[in-house]
Amino acid sequence: MCDQPPVPSNSRPPRNGSPHLPFGDMKGAPWYGKDILSVRQFSRDDLDYIFGVAHEMREMVERVGTFDLLKGKILANLFYEPSTRTSASFTAAMERLGGSLIPIQEVRYSSVAKGESLPDTIRTLECYADVIVLRHSETGSAKIAADYSKKPVINAGDGVGEHPTQALLDLFTIVEELGRVDGLTVTMVGDLKYGRTVHSLARLLSLYQVRLRFFSPDILKMPDEILLELRNKCIPYEVCSSLEGAVEDTDVLYVTRVQKERFEDPNDYEKVKGAYVITPKTMEVAKPDMIVMHPLPRVGEIAMEVDDDPRAAYFRQMEYGLYVRMALLAMVLGKA
Amino acid sequence: MCDQPPVPSNSRPPRNGSPHLPFGDMKGAPWYGKDILSVRQFSRDDLDYIFGVAHEMREMVERVGTFDLLKGKILANLFYEPSTRTSASFTAAMERLGGSLIPIQEVRYSSVAKGESLPDTIRTLECYADVIVLRHSETGSAKIAADYSKKPVINAGDGVGEHPTQALLDLFTIVEELGRVDGLTVTMVGDLKYGRTVHSLARLLSLYQVRLRFFSPDILKMPDEILLELRNKCIPYEVCSSLEGAVEDTDVLYVTRVQKERFEDPNDYEKVKGAYVITPKTMEVAKPDMIVMHPLPRVGEIAMEVDDDPRAAYFRQMEYGLYVRMALLAMVLGKA
Amino acid sequence: MCDQPPVPSNSRPPRNGSPHLPFGDMKGAPWYGKDILSVRQFSRDDLDYIFGVAHEMREMVERVGTFDLLKGKILANLFYEPSTRTSASFTAAMERLGGSLIPIQEVRYSSVAKGESLPDTIRTLECYADVIVLRHSETGSAKIAADYSKKPVINAGDGVGEHPTQALLDLFTIVEELGRVDGLTVTMVGDLKYGRTVHSLARLLSLYQVRLRFFSPDILKMPDEILLELRNKCIPYEVCSSLEGAVEDTDVLYVTRVQKERFEDPNDYEKVKGAYVITPKTMEVAKPDMIVMHPLPRVGEIAMEVDDDPRAAYFRQMEYGLYVRMALLAMVLGKA
């Protein structure tokens with residue numbers, strides 16, 4: 001059984017079916033009115049659909065820069081913790097589609113005691129906006145928001161929970177750069193324990209026929225829970241003891257930051273940190289069409305000398321994020 | 001004499017007259033170029049006019065979502081203290097009319113010593129924007145801003161002074177939900193001493209034939225100044241000692257928050273707080289067409305179980321606020 | 001030789017030449033894709049060109065308020081230190097041209113240690129935006145940003161370095177108000193040591209046949225470096241010991257703030273401060289067509305009684321800033 005990719009449960013309604021349409025009649029738009037909460041909600045067909053739309057967005061942006069697909073639509077960009085990069089990306093996505101924004105930075109109300117409840121805020125914002133993007137420090141908050149909102153909610157990161165648009169843009173980067181996912185070897189490097197990015201990406205990759213490699217400090221290993229999921233889906237993976245030997249036949253090198261604060265003894269950090277830094281030397285032994293990815297921001301884990309290598313895909317990755325977020329916004333608003 | 005509503009002084013120019021037109025010639029727009037500073041500036045005719053426009057805004061939003069009535073106009077949204085809800089509402093109002101915003105959060109310059117004077121800031125912003133919305137912690141600041149500005153100024157709350165757009169949206173909610181104001185019984189509950197919301201609403205209601213009821217802790221009673229105004233306008237009111245008996249024939253139940261900090265002795269707060277919380281039990285004895293209102297945010301004074309009661313109007317109230325602010329923006333910019 | 005203005009080195013490509021065109025083919029737009037980093041990059045021809053476009057912007061704004069020259073273009077407004085006035089001015093400029101903004105306040109990341117490097121932020125933003133405006137506390141940061149960005153960068157102030165758009169709007173104010181620059185006497189008053197505004201303006205003025213006067217406390221004198229540049233360019237200047245005698249034949253009185261904190265002994269400040277305050281009395285002896293300028297914010301150095309004098313140009317100066325910034329945005333985006 002293990003040589004076939006798992007048959008995905010199709011969590012989305014058939015394209016010509018009758019999805020739940022809370023505020024309109026665009027029956028042909030399968031994602032109309034839906035929430036984007038978790039990578040677990042996507043089947044492989046869903047991903048094909050999203051990436052198809054995202055690719056069209058790319059072509060439109062390259063051709064005309066901006067267009068009026070969402071003219072007159074308003075996005076409430078609700079951030080309970082600062083995340084300039086994600087906030088800016090959603091802002092650009094909405095504006096390149098001709099839409100408008102209500103930006104809300106609610107950083108000061110980190111404590112529930114001081115402000116109003118998330119459901120009340122959401123029920124207020126749904127009066128003003130057509131779609132809500134939510135960044136929150138507490139796991140599960142995106143689901144709560146979606147439960148109370150009549151308008152679609154897109155999870156832009158809820159604590160250690162999910163950050164599904166990041167995982168989607170990571171996978172879309174692979175698709176656009178390498179043309180396929182099946183058959184690839186993806187090596188994940190760095191902090192694999194606390195990084196929700198690598199967890200979500202591993203889950204999405206498990207819908208494809210891939211080989212995974214993990215290289216991390218002992219105390220920052222990929223959690224057993226994820227490894228179990230991979231085994232259940234018959235995804236071959238191996239844990240590496242060094243980058244040497246692992247990079248040579250890697251197609252995607254996914255790098256994350258190893259934070260000093262994770263180590264009880266700073267000396268332990270000093271001992272290992274060098275092993276997780278990508279340098280021009282790392283690139284010498286890599287395939288000519290390998291790509292290096294990073295969720296950014298980076299702080300030293302990829303040397304700046306690597307930036308000019310055509311295989312350095314981490315800035316292009318930001319651009320792919322724009323297209324994926326444009327696609328999601330257009331989809332949940334019934335325009336794609 | 002007391003059975004007739006007071007004849008309002010018509011503070012606005014006749015609709016076909018010649019209002020002061022500082023930057024154009026739209027003679028047919030009676031509010032063109034005017035400031036919105038205080039509920040005291042409105043006659044009953046004014047309110048009819050505003051609510052007529054606001055109702056049109058509601059119909060337009062329901063039909064098309066957004067339209068380009070204020071395309072090319074720029075609103076400077078100048079907030080010297082944080083107020084996410086009000087700021088977001090004006091943002092949405094301007095965007096649903098096709099206009100743009102300059103958002104300015106000047107929270108750090110709470111002290112005059114550190115920044116420039118309000119008149120200088122206003123004289124700068126009038127170079128950039130077509131209309132200025134001002135939220136400030138000091139009473140009277142909206143008037144100062146309006147005195148210096150050639151562009152219309154809308155007061156979005158100045159300290160314990162005024163918050164006229166809140167009072168207008170409160171009254172518009174009543175008009176839209178119940179179809180009339182004359183003849184209604186309005187019961188105000190909670191902190192009636194420090195809440196500028198209830199003061200301003202009471203003033204506006206005194207232009208109509210209403211009955212008012214006040215229910216508050218002893219230390220948070222409606223100020224004598226307001227009561228005197230009501231008596232002068234022959235508005236019947238009573239001070240209640242409990243919600244029981246008061247709710248039964250109430251048409252509008254207006255709830256505000258009772259803050260623990262208002263009480264010298266926390267025990268006093270604990271003793272009374274329960275009496276000011278609206279629960280499903282409260283709703284059982286209420287009229288089938290009563291509405292519950294709240295300026296929001298709420299923190300416990302209306303149980304969440306009430307939210308699904310169709311008479312819970314406090315979230316719709318937010319939406320009515322959008323229409324009222326759209327109306328005011330269109331009016332002072334000569335487009336309605 | 002000294003009675004001729006220096007022949008400017010023409011730093012911009014000929015208008016019908018072939019400038020570096022990184023992302024298009026608008027060969028007729030000489031500033032297309034260029035960065036605006038320093039006043040030193042402008043020749044007198046450049047200034048003529050910029051002010052010509054800015055004057056057209058003024059006429060368009062006066063006629064129609066807003067127009068769609070930059071519709072679909074996105075400006076990343078990246079501010080690492082707060083500057084409400086400059087930020088609002090660029091926001092208004094972009095919106096009056098029909099464009100959109102990604103506003104980014106990165107104040108909390110003043111330390112490099114906490115956030116990512118400026119080059120990484122820039123390489124991210126160039127994925128989202130068409131042009132980047134940067135305000136930063138470190139001298140030279142605008143140049144670094146421009147080096148990494150494929151999209152044009154406009155310096156909105158980098159530390160004690162440059163603030164070229166301020167100098168341009170100062171000079172444009174003179175041009176629009178007085179119709180010429182050659183032959184004028186410009187008197188600069190206040191803190192001439194730390195004010196980058198007066199340094200940049202002096203440099204731009206040195207491209208013309210002007211007479212300069214400097215009046216400042218001893219410890220806040222115009223730096224020798226600037227004086228040397230003026231001598232090299234044969235610009236006559238004199239250092240004044242009082243405003244009396246200096247104002248009478250002045251055409252432009254440029255006032256800046258003398259900050260108490262600059263003085264070691266507060267008594268020294270108290271002794272001199274009065275001499276640097278412009279009052280109605282100052283205006284009595286001034287020419288009928290002299291103009292008073294100030295980069296704003298002011299804190300007492302021009303009495304508010306002067307505001308109603310038609311020669312008080314400092315609020316109009318803000319408006320000219322709008323037109324200059326509109327011109328620069330349109331130019332670097334290939335539309336002017």
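Every value quoted in this text rests on a predicted model; they were computed, and no experiment measured them. (Residues numbered from 1 in each chain as written. Chains lettered and ligands numbered in written order. Predicted model: local features only at pLDDT ≥ 70, side-chain atom pairs only at ≥ 80, totals over all residues.)

Next up on the list: the pairing of strand 2 (residues 100-105) of chain C. Residues and elements named next belong to chain C. As paired strands, strand 1 (residues 74-79) and strand 2 are joined by six bridges and run parallel to one another. Looking at strand 2, one finds that Leu78 is bridged to Ile104. Chirality of the crossover, the property in question, places the unit of strand 1, helix 2 (residues 84-96) and strand 2 among those that are right-handed. (Pairing = 2+ DSSP bridges. Helix = DSSP H or I, 4+ residues; strand = E, 2+ residues; numbered from the N terminus. Right-handed = clockwise from strand over helix to strand, strands pointing away.)

What follows concerns the relation of the copies chain B and chain C. When chain B is fitted onto chain C, the two copies agree to an RMSD of 0.0 Å after a turn of 120° and an axial shift of 0.1 Å. Here the symmetry operator amounts to a three-fold rotation axis. When C-alpha distances to the rotation axis are compared across chain B, the minimum falls at Ser100(B), with a value of 5.2 Å. (Least-squares fit on C-alpha atoms with pLDDT ≥ 70 in both.)

A few words now on the sheet that holds strand 4 (residues 153-158) of chain C. All names here are of chain C. If you walk across this open sheet you meet the four strands as 2-1-3-4, and the pairing is parallel. This sheet does not close on itself; its edge strands, each paired only once, are strand 2 and strand 4. Each strand axis lies, on average, 10° off the axis of its neighbour in the sheet, ignoring direction. Packing of helix 3 (residues 118-128) onto the sheet brings it into contact with strand 1, strand 2 and strand 3 (131-136), and relative to strand 1 it is tilted by some 155°. (Axes fitted to C-alpha atoms, helices over the stretch in contact; angles between N-to-C directions. Contact = placed C-beta atoms within 7 Å.)

In this section: the environment of Gly183(B). Residues and elements named next belong to chain B. Here Gly183 is to be found in the loop between helix 5 (164-178) and strand 5 (185-189). You can call Gly183 exposed: it has 11 C-beta atoms within 10 Å. For the pair Gly183 and Glu244, spaced 61 residues apart in the sequence, the C-alpha separation amounts to 21 Å. (Buried ≥ 20, exposed ≤ 12 C-beta atoms within 10 Å, placed from the backbone.)

A few words now on the environment of Asp158(A). Structurally, Asp158(A) is set in strand 4 (residues 153-158). When the C-alpha positions of Asp158(A) and Ala142(A) are compared, they lie 6.4 Å apart, and in sequence the two are 16 residues distant.

So, on to the interface of chain B and chain C. With 15 residues of chain B at the interface, the matching set in chain C holds 17 residues. Secondary structure elements with two or more residues in the side of chain B that touches chain C: strand 2 (100-105) and helix 3 (118-128) of chain B. Looking at the side of chain B that touches chain C, the element that brings in the most residues is helix 3 of chain B, giving six residues. Here the side of chain B that touches chain C is composed, by residue class, of seven nonpolar, four polar and four charged. (Nonpolar A, V, L, I, M, F, W, Y, C, P; charged D, E, K, R; others polar.)

What follows is about the interface of chain A and chain B. Many structure descriptions define interface size as the accessible area lost when the parts assemble. Contacts between the two partners involve 15 residues from chain A and, on the opposite side, 17 residues from chain B. Of all elements in the fold, only strand 2 (100-105) and helix 3 (118-128) of chain A reach the threshold of two or more residues within the side of chain A that touches chain B. The residue inventory of the side of chain A that touches chain B, partitioned by class, reads seven nonpolar, four polar and four charged.

So, about the pairing of strand 8 (residues 252-255) of chain C. All names here are of chain C. Burial of the side chains of strand 8 extends over both faces: Val252 and Tyr254 are buried on one face and Leu253 and Val255 on the other. Summarising the sheet, strand 5 (residues 185-189) and strand 8 pair through four bridges and their orientation is parallel. Paired with Val189 across the two strands is Val255, which belongs to strand 8. Of the pairings in the sheet, the one linking strand 8 to strand 9 (residues 291-293) comprises three bridges and is parallel in character. Directly across from Val252, in strand 9, lies its bridge partner Ile291.

Okay, helix 10 (residues 314-332) of chain A next. For helix 10 of chain A, with 19 residues, the first-to-last C-alpha span of 27 Å sits near the 27 Å given by 1.5 Å per residue. Burial runs high along helix 10 of chain A: 17 of the 19 residues are buried. (Expected span 1.5 Å × (residues − 1).)

Between Leu296(A) and Pro297(A) the backbone carries a cis peptide bond, its omega angle lying at 0°. As for its placement among the helices and strands, Pro297(A) is situated in the loop between strand 9 (291-293) and helix 10. Unusually for a residue other than glycine, Leu296(C) sits at a positive phi of about 55°. In this fold, Leu296(C) is placed in the loop between strand 9 and helix 10 (314-332).

Residue and element names in this part refer to chain C. Close contact between helix 3 and helix 4 (residues 141-148) brings their axes to 9 Å; oriented N to C, the two are set at 50°. Judged by the angle between their axes, helix 3 and helix 4 are oblique. Both helix 3 and helix 4 take part in a crossing whose hand is right-handed. Contacts between helix 3 and helix 4 involve Leu118, Pro119, Ile122 and Arg123 from the former and Ser141, Ile144, Ala145 and Tyr148 from the latter. Each residue belonging to the contact of helix 3 with helix 4 can be placed in one class, and the counts come to six nonpolar, one polar and one charged. (Parallel < 35°, antiparallel > 145°, perpendicular 65-115°, else oblique. Left-handed = near helix turned anticlockwise from the far one by under 90°.)

Turning to the domain arrangement of chain A, a few remarks are in order. All names here are of chain A. Domain annotation of chain A identifies domain 1 (39-162 + 319-332) and domain 2 (165-317). Taking only C-alpha atoms, the centre of domain 1 and the centre of domain 2 are 26 Å apart. Contacts between the two partners involve 18 residues from domain 1, matched on the other side by 17 residues from domain 2. Breaking the side of domain 1 that touches domain 2 down by element, the ones donating at least two residues are helix 1 (44-64), strand 4 and helix 10. The element contributing the most residues to the side of domain 1 that touches domain 2 is helix 10, with six residues. In terms of residue class, the side of domain 1 that touches domain 2 is made up of 11 nonpolar, one polar and six charged. (Domains from an automatic or database assignment.)

Residue and element names in this part refer to chain C. Relative orientation of the contacting elements helix 1 (residues 44-64) and helix 10 amounts to 115°, with a least axis distance of 8 Å. When the interaxial angle is binned, helix 1 and helix 10 end up roughly perpendicular. Our pair here, helix 1 against helix 10, has a crossing hand that is right-handed. When helix 1 is examined against helix 10, the residues Ile50, Val53, Ala54, Met57, Arg58 and Val61 are found in contact with a partner set consisting of Tyr323, Val324, Met326, Ala327, Ala330 and Met331.

The strands that make up a sheet pair up through hydrogen bonds in the backbone, lying either parallel or antiparallel. Ordered in space as 2-1-3-4 (chain A), the four strands form an open sheet in which the pairing is parallel. One side of each edge strand has no neighbouring strand; the edge strands of this open sheet are strand 2 and strand 4 of chain A. Sheet twist, expressed as the mean angle between neighbouring strand axes with direction ignored, is 10°. Bridge analysis of strand 1 (residues 74-79) of chain A against strand 3 (residues 131-136) of chain A gives five bridges, and the strand direction is parallel. Residue pairing across strands places Ala76(A) opposite Ile132(A), the latter belonging to strand 3 of chain A. Across the sheet, helix 2 (residues 84-96) of chain B is in contact with strand 1 and strand 2 of chain A; its angle to strand 2 of chain A comes to roughly 170°.

When pLDDT is low, close inspection of the predicted coordinates is not appropriate. Residue and element names in this part refer to chain A. Averaged over all residues, the pLDDT of chain A equals 89, while 89% of them reach at least 70. With pLDDT under 50 throughout, residues 1-25 is counted as low confidence; its partners more than four residues away or in other chains account for 37 contacts. Here residues 109-114 is a poorly scored stretch, pLDDT under 50, and it has five contacts once near neighbours within four places are set aside; other chains count. Both confidence scores are given for the complex: pTM 0.91, ipTM 0.89. (pLDDT = per-residue confidence, 0-100.)

With that settled, consider the environment of Gln166(A). Residue and element names in this part refer to chain A. Looking at the element boundaries, Gln166 is found in helix 5 (residues 164-178). It is 9.9 Å that separates the C-alpha atoms of Gln166 and Gln317, two residues lying 151 residues apart in sequence. Each residue touching Gln166, except ones within four places of it in the same chain, is listed here: Thr197, Ser200 and Pro295.

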